[in-house]
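# Remarks on the overall topology
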There are 2 protein chains.
Amino acid sequence: MHTKNINTHRIEIRDYFMAAISVDCVIFGFDENELKVLLIKSDLKEYKGKPSLLGDIVHPDEDLETAAYRVLRDRTGLENVYMEQVQAFGGINRHPAGRVVTIAFYSLVNIQHSELKTQENELHWHSMKDITDMAFDHKDILDTCYQRLQAKVIDQPVGFNLLPKKFSLRDLQNLYEAILDVKLDRRNFRKKFFAMDYLVDLNEEEKDVRHRPARLYKFNHDKYNLHHKKNLGF
Amino acid sequence: MHTKNINTHRIEIRDYFMAAISVDCVIFGFDENELKVLLIKSDLKEYKGKPSLLGDIVHPDEDLETAAYRVLRDRTGLENVYMEQVQAFGGINRHPAGRVVTIAFYSLVNIQHSELKTQENELHWHSMKDITDMAFDHKDILDTCYQRLQAKVIDQPVGFNLLPKKFSLRDLQNLYEAILDVKLDRRNFRKKFFAMDYLVDLNEEEKDVRHRPARLYKFNHDKYNLHHKKNLGF
DNA sequence: TCAAAAGTGTTAGAGGTACACCCATGG
DNA sequence: CCATGGGTGTACCTCTAACACTTTTGA
């Protein structure tokens, strides 16, 4: 029985086993009507050439979120993006260099605003449906983050973070269809979004399309936090 | 720019900053129609006498879940209980002994089956509504885990784990009312649960109650994973 | 016979789903 | 004028919410 431990008794922390802490960022983007994720090539011999999430060790003076934002900023040039911690992954042999517990985050970025140094280890946007094997346990991390995103967009309007400031309802529907991997009814989709008050009509239209141009909208940030589930399922 | 890191290049892990990894368990129980949580007294001088979650350092040969189950077993004597990882907490100064990143889990146990060594640092079940301040950042961890539990019971039938094998519909409703902190309509509640096929009528009744005895049910584990949201909110 | 909680159905309203036609633009 | 996708309304159905009386037991 371990009745004396770091929560209950004064024990020197250096007497304990120590591990490295890292963060891994699942950076989602949306382009060409597909959900994409930003990956880099791993040079570790165990995973030579396989795609890897963007991550790094957490520094002594950083909390977890700060480290994750640092990774995101260094790789994409983006700040103030939507980010959410998902969970920790701590399998014993998940990293060949030793015990590394990683904390996974996902973030949603406007892919057009990102400024990648793509020559660096082939930093690229990958279509979600093309990703099979990855370095480390990163496929597992990616899958978990993707499921979290799917659950999230159903009850909170976070999807806007993936779109440009001005977008059409078709863009929005394509986004939801891509994230949830379903086909949605156009009329019902529009009805739903107009009923929630998230959309501001910009009185602008698409240009240079060879069909009737769509109206453009922006997201109403003021109403962001007003959407709640109306019933509890009971 | 940190372009060379543990995901992309071979670098010795010992060159990096190391931290201690712990797990903290939010162990929920249900008794006297109240949601309870199992806490212990901290002896650290910084938090002298304040209640603390049950936690411990993760050992070198354990993954995170294994460590959390170990803590749970050592403190309650319980095995095979429902447990879910919630998230990591890694604030820089969250532990006075140094950098300790903790992974929070919550679990749902049948409070009657637990065998506590209650003399050990006053290990006790606390009513959720009586808990104010706690040691470390444990109040924050507890709140986060409680919110996760509330969200979970709404779309999956995990609540059964908190009840004895045989229970009445009143017990079940009391449980949901306690977790969600709402009053529910009795008839609608019964209708809802009978419609899902989770309940098996045991053809038994309560005894020694000074009112009409309630029928007893058990949970149908076979149908556990068949319950899904019927619509996506779209 | 009384107190206490168990058990039971119906109705109105809200929200979800399915579905077809005309409109505006560029080529 | 044609091809392409934009924009719109209605009917049905399911699920939710609100609500009151009778039944069974122990004391």
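Counting starts from 1 at the beginning of each chain's written sequence and moves along it residue by residue. Following the order in which they are written, the chains are lettered starting with A and the ligands numbered starting with 1. This being a predicted model, a pLDDT of at least 70 is required before a residue's local features are given, and a value of 80 or more before pairs of side-chain atoms are given or counted; all residues contribute to the totals for chains, interfaces and linings. Here the side-chain values reflect all heavy atoms present in the structure, with hydrogen atoms and water set aside.

The name an unreviewed UniProt entry gives chain A is NUDIX domain-containing protein, with Chitinophaga caseinilytica as the organism.

### Some words on the protein's contact with DNA strand D
Inclusion rule: Nearness is judged by heavy atoms alone; a residue qualifies as near a molecule or strand once a single heavy atom is within 4 Å of it. By the criterion applied in these results, polar contacts are pairs of N or O atoms within 3.5 Å in which, for protein atoms, one can donate a hydrogen and the other can accept it, and in which residues neighboring in sequence qualify only through two side-chain atoms. Every helix listed is a DSSP run of H or I at least four residues long, and every strand listed is a run of E at least two residues long, numbered separately from the N terminus.
Around DNA strand D sit 23 residues in total, of which R186, H211 and R215 of chain A together with V209 and R212 of chain B are the nearest. In DNA strand D, the atoms that sit within 4 Å of the protein are 45% sugar and phosphate, with bases accounting for the remainder. One nitrogen or oxygen atom from the side chain of R170 of chain A is found 3.2 Å from a phosphate oxygen belonging to DNA strand D. Take K191 of chain B: an N or O atom from its side chain is 3.4 Å from a base nitrogen of DNA strand D. Where the surface near DNA strand D is concerned, the elements lending two or more residues are helix 4 (186–195) of chain A together with helix 4 (186–195) of chain B.

### Digging into the UniProt feature "domain: NrtR DNA-binding winged helix" (unreviewed entry) in chain A
Worth spelling out the cut-off: UniProt positions are given in the numbering used here, feature names are shortened, and annotations may be inferred rather than shown by experiment.
UniProt marks residues 159–219 of chain A with the feature "domain: NrtR DNA-binding winged helix" (unreviewed entry), using the numbering shown here. Spanning residues 159–219 of chain A, this segment combines 36% helix with 20% strand, and its end C-alpha atoms are found 10 Å apart.

### A word on a positive patch on the surface
Residues and elements named next belong to chain A. As a reminder, the rule being used: Patches draw on residues past 30% relative accessible area with no salt bridge. Two like charges within 9 Å are joined, as are two nonpolar side chains (Val, Leu, Ile, Met, Phe, Trp, Tyr) within 5 Å. Accessible areas in this description were obtained via Shrake-Rupley with a 1.4 Å probe; residue shielding takes into account the shown protein chains only. Every case where a carboxyl oxygen of Asp or Glu lies within 4 Å of a side-chain nitrogen of Lys or Arg is listed as a salt bridge. We treat Lys and Arg as the positive residues and Asp and Glu as the negative residues; His and chain ends play no part in the count. Charge coordinates come from a single atom per side chain, which is NZ of Lys, CZ of Arg, CG of Asp or CD of Glu.
Taken together, the side chains of R170, R186, R187, R190, K191 and R212 make up a positively charged region of the molecular surface. When residues of the positive patch are assigned to their parent elements, the largest contribution, four residues, is made by helix 4. Position of K191 relative to the elements: it lies in helix 4.

### With respect to the domain arrangement of chain A
Residues and elements named next belong to chain A. Here is the rule we go by: Where each domain begins and ends follows an automated or database-derived domain assignment. Contact between two residues is taken to exist if any of their heavy atoms lie within 4.5 Å; hydrogens are not considered. The term buried area refers to how much accessible surface (probe radius 1.4 Å) is lost by two components on association, counted for both of them together. Residues are grouped as follows: nonpolar covers Ala, Val, Leu, Ile, Met, Phe, Trp, Tyr, Cys and Pro; charged covers Asp, Glu, Lys and Arg; every other residue, Gly included, is treated as polar.
Domain annotation for chain A reports domain 1 (19–154) and domain 2 (166–226). Using only C-alpha atoms to locate each centre, domain 1 and domain 2 end up separated by 28 Å. On the domain 2 side, the residues contacting the 10 residues of domain 1 number eight residues. Taking both sides of the interface into account, the surface hidden between domain 1 and domain 2 amounts to around 740 Å²; carbon and sulfur atoms contribute 70%. If you look at where domain 1 meets domain 2, you find zero salt bridges. For the interface between domain 1 and domain 2, the tally reads three residue pairs in polar contact (both at pLDDT 80 or more). Ranked by residue count, the leading element in the side of domain 1 that touches domain 2 is helix 2 (residues 138–155), at five residues. Grouping the constituent residues of the side of domain 1 that touches domain 2 by class yields seven nonpolar, two polar and one charged.

### Structural notes on the side chain of Q85 of chain B
Mapped onto the secondary structure, Q85 of chain B falls in strand 5 (residues 82–89). Within the local environment of Q85 of chain B, its side chain forms a polar contact with the backbone nitrogen of A88 of chain A, the two atoms lying 2.7 Å apart.

### Regarding helix 2 of chain A
Residues and elements named next belong to chain A. Cut-off, in case you're wondering: Take the residue count of a helix, subtract one, and multiply by 1.5 Å to get its expected span. Between buried and exposed lies partly exposed: a residue is buried under 20% and exposed over 50% of the maximum accessible area for its type, with that area taken using a 1.4 Å probe on protein chains only.
If you check helix 2, its first and last C-alpha atoms are 26 Å apart, about what 18 residues at 1.5 Å a residue would give, namely 26 Å. Every buried residue belonging to helix 2 is among H138, I141, L142, T144, C145, Y146, L149, K152 and V153, and all of these are buried. Residues of helix 2 that are buried sit in contact with strand 1 (20–31), strand 2 (34–41), strand 3 (51–52), strand 5 (82–89), strand 6 (100–108) and helix 3 (169–180).

### Topic: the nonpolar core
What counts is decided by this rule: Only buried residues count toward a nonpolar core. Its members are Ala, Val, Leu, Ile, Met, Phe, Trp, Tyr and Cys residues joined through side-chain atoms within 4.5 Å.
Counting 50 residues, the largest nonpolar core has I103 of chain A together with I103 of chain B as the members making the most contacts within it. Setting aside residues no more than four positions away along its own chain, I103 of chain A makes contact with I21, S22, V23, D24, L64, Q85, Q87 and A88 of chain A together with A88 and I103 of chain B.

### Points about the relation of the copies chain A and chain B
Superposing the two chain copies requires a rotation about an axis and a translation along that axis. To be explicit about the condition: The atoms used to superpose the copies are C-alpha atoms, taken from residues with pLDDT of at least 70 in both, and the fit is least squares.
Placing chain A over chain B gives an RMSD of 0.0 Å and needs a rotation angle of 180°, together with 0.0 Å of translation along the axis. As the rotation angle and translation indicate, the two copies are arranged about a two-fold axis. Using C-alpha coordinates, one finds that chain A approaches the rotation axis most closely at Q87 of chain A, a distance of 2.3 Å. Of the interface residues in chain A, 100% have counterparts in chain B that sit at the interface too, so the contact is made through matching surfaces.

### Focus on the interface of chain A and chain B
On the chain B side, the residues contacting the 77 residues of chain A number 77 residues. Of the roughly 6,200 Å² buried between chain A and chain B on both sides combined, carbon and sulfur atoms contribute 63%. Connecting chain A to chain B are two salt bridges. Two residues, E46 of chain A and R10 of chain B, come together in a salt bridge whose shortest N-O distance is 2.9 Å. Counting across the interface, chain A meets chain B through 23 residue pairs in polar contact (both at pLDDT 80 or more). The greatest single-element share of the side of chain A that touches chain B, amounting to five residues, is contributed by strand 5 of chain A. Residue classes in the side of chain A that touches chain B are distributed as 38 nonpolar, 20 polar and 19 charged.

### Concerning the packing of aromatic side chains
Spelled out, the test is: Ring pairs shown here join Phe, Tyr and Trp side chains whose ring centres sit within 6.5 Å, with only the six-membered ring taken for Trp; geometry is labelled stacked below 30 degrees between planes, edge-to-face above 60, and tilted in between.
Throughout the structure, instances matching the rule amount to 26 aromatic pairs over all chains. Ring geometry for F194 of chain A and Y217 of chain A: centres 5.7 Å apart, planes at 55°, overall tilted. One end of the pair, F194 of chain A, is in helix 4; the other, Y217 of chain A, is in strand 9 (residues 215–219), with 23 residues separating them in the sequence. A centroid spacing of 6.1 Å and a plane angle of 50° characterise the contact between Y82 of chain B and Y106 of chain B, whose relative ring orientation is tilted. Linking Y82 of chain B in strand 5 with Y106 of chain B in strand 6 (residues 100–108), this pair joins segments that are 24 residues apart in sequence. Here the two residues Y82 of chain B and Y106 of chain B agree in accessibility, since each one is buried. Through successive ring pairs, a cluster of aromatic residues spans F160, F167, Y176, F189, F193, Y198 and F219 of chain A.

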